[in-house]
Amino acid sequence: MGPLASRDVFSWLLVASVLQVSSVRLAQASYLCTAYLNISYTHPETNRTTWYQEEMGLYGQDSPKASVVGNVYLADPIYGCEEDTVYSRPNDSRGWIALIQRGSGCTFSDKINVAAMNGAAAAIIFNDFGAENRVIQMSHPGTSIVAVMIGNYRGMELVQLRVKGVPVSIAIEVGKQHGPWMSHYSVFFVSISFFIVTAATVGYFIFYSARRLTGLRQQNRKQKKLKAEAKKAIGQLQVRTLRQGDQETGPDADTCAVCIELYKAGDVLSVLTCNHFFHRSCIEPWLLEHRTCPMCKCDILKALGVEVSFHTRTVCRPRHIQKTSIRRYKAL
Ligand SMILES: *[C@@H]1O[C@H](CO)[C@@H](O)[C@H](O)[C@H]1NC(C)=O
Ligand SMILES: [Zn+2]
Ligand SMILES: [Zn+2]
């Protein structure tokens with residue numbers, strides 16, 4: 001694989017995994033959990049207990065998604081921001097629920113932690129005036145108790161009951177997980193795309209390796225064929241054994257270009273098609289590998305008419321070499 005291609009693939013993988021991680025984060029952030037509130041109280045006039053249950057609340061982002069049952073007590077002041085906020089409740093009350101209004105410049109975490117400090121098992125925060133019954137998903141890091149937001153109207157009803165001195169009990173229950181179709185959809189989508197990118201990468205690697213392997217095998221076969229052809233061509237080369245008194249021996253003897261030794265009587269020479277000659281034992285291994293004359297680069301396969309389709313070297317005819325240490329073989 002080229003360096004560019006592999007870099008591309010890896011950057012794609014990186015992008016895909018970053019996308020996946022961030023979309024999981026997104027999914028967690030946008031995961032909404034509603035709360036059923038079963039509100040029950042005793043009518044002060046009729047002395048009859050009524051209750052109604054509605055999916056009216058929304059768990060805060062950092063709240064345990066758990067059920068809580070308890071009597072409701074108001075924060076005083078109602079915003080519940082200050083550490084000296086009072087919750088008027090019997091001393092022995094346990095598992096009670098704080099009712100707090102949103103706003104007044106402190107964070108949800110502040111309100112919830114003040115309520116928890118006073119012993120509340122849960123905090124119900126009702127929305128600002130003007131919000132009617134709309135709710136938002138609160139973000140309140142650093143808190144540990146259950147925190148639920150309800151609409152402004154619902155909250156005000158509860159406040160009025162409590163202000164009249166009516167005991168109110170609320171059971172908070174985990175409702176439905178809303179909006180997950182959206183986040184699950186994006187997780188699904190990104191997972192699918194991640195899978196596709198991964199599969200494509202793996203596929204590409206496999207394809208590439210297979211192609212490379214085939215290429216290597218082909219090259220191997222080609223090499224073997226070339227060697228066989230070279231062997232055939234070498235068999236057709238002229239061979240000559242030098243004798244005492246031959247021109248190539250003697251005082252101004254030539255050297256073999258391969259081993260750089262002087263020719264002497266008894267040496268066996270191979271004469272190439274270009275008329276260059278060398279020791280037979282020197283040139284044959286060379287020709288097996290290169291199939292060209294080391295002096296003039298002419299192709300002995302072509303010169304001898306051995307058909308090699310994938311070979312494009314120039315055909316050399318016997319020719320004269322002017323200024324070389326090797327003289328033309330005159331016997332031809
Ligand atoms: C709501 O609370 C009342 C009183 O505690 C109880 O009688 C009633 O069964 C509860 N309703 C639901 C649906 O749980
Ligand atoms: Zn030699
Ligand atoms: Zn040559």
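These notes cover the structure that comes with them.

Around a metal, the ideal angle is 109.5 degrees if four donors adopt a tetrahedral arrangement and 90 or 180 degrees if six donors adopt an octahedral arrangement. The protein atoms that coordinate the zinc ion (ligand 3) are Cys274 (SG), His276 (ND1), Cys293 (SG) and Cys296 (SG), at distances of 1.9 to 2.4 Å. Here the zinc ion (ligand 3) is ringed by four donor atoms whose angles at the metal span 102 to 116°, and the overall shape comes out tetrahedral. Each donor residue of the zinc ion (ligand 3) lies on the same chain, and together they follow the pattern C-x1-H-x16-C-x2-C. You'll find Cys293 and Cys296 in the same group, each marked buried.

Another aspect to go through is the packing of aromatic side chains. Scanning the model with the defined rule gives four aromatic pairs in all. Seen in terms of ring centroids, Tyr204 and Tyr208 are 6.5 Å apart; in terms of plane orientation they differ by 20°. Their pairing is stacked. With Tyr204 and Tyr208 both in helix H4 (residues 180–236) and four residues apart, this pair spans about one turn of that helix. Since its relative accessible area comes to 17%, Tyr208 is described here as buried. Among the aromatic residues, those joined into a cluster by ring pairs are Tyr73, Tyr87 and Trp96.

Attention now moves to the sheet that holds strand S10 (residues 268–271). Pairing is antiparallel in the open sheet, where three strands are placed in the order S9-S10-S11. Of all strands in the sheet, those with a lone pairing partner are strand S9 (238–241) and strand S11 (277–279), marking the two edges. Between one strand and the next, the sheet's axes are offset by a mean angle of 30°, whatever the strand orientation. Sheet topology places S10 next to S11; three bridges connect them, and they run antiparallel. From the neighbouring strand, Leu269 faces S11, where its bridge partner is His279. Strand contacts of helix H5 (residues 280–290): S9, S10 and S11, with the helix running at about 105° to S11, the strand carrying the most contacts.

Quick notes on the rules
As a convention, each chain's residues are numbered from 1 in the sequence order in which they are written. Throughout, the order in which chains and ligands are written sets their labels, letters from A for the former and numbers from 1 for the latter. With pLDDT at 70 or above as the cut-off, local features in this predicted model cover only qualifying residues; side-chain atom pairs require 80 or more to be listed or tallied, and sums for whole chains, interfaces and linings still use all residues. Calculated side-chain values reflect all of the structure's heavy atoms, with hydrogen atoms and water omitted. Sites may look incomplete because water is not among the atoms; the donors themselves are N, O and S atoms within 2.8 Å of the metal, or within 3.2 Å for Na, K and Ca. Note on geometry labels: four donors, all angles 85 to 135 degrees, give tetrahedral; four donors become square planar and six octahedral when opposite donors are over 155 degrees apart and every other angle is between 65 and 115; remaining cases are irregular. Working definition: with a 1.4 Å probe on protein chains only, accessible area under 20% of the residue-type maximum means buried, over 50% means exposed, and in between means partly exposed. Paired rings are identified among Phe, Tyr and Trp, the last through its six-membered ring, by centres lying within 6.5 Å, and are further divided according to the angle between planes into stacked (under 30 degrees), edge-to-face (over 60) and tilted (the rest). Counting from the N terminus, the helices are the DSSP runs of H or I reaching at least four residues and the strands are the DSSP runs of E reaching at least two. Strand pairing requires that DSSP identify at least two bridges connecting the strands. Where helices are involved, their axes are fitted lines through C-alpha atoms of the stretch in contact, as for all axes, and angles between N-to-C directions lie from 0 to 180°. Note on definitions: a residue-residue contact is assigned when non-hydrogen atoms from the two residues lie within 4.5 Å.

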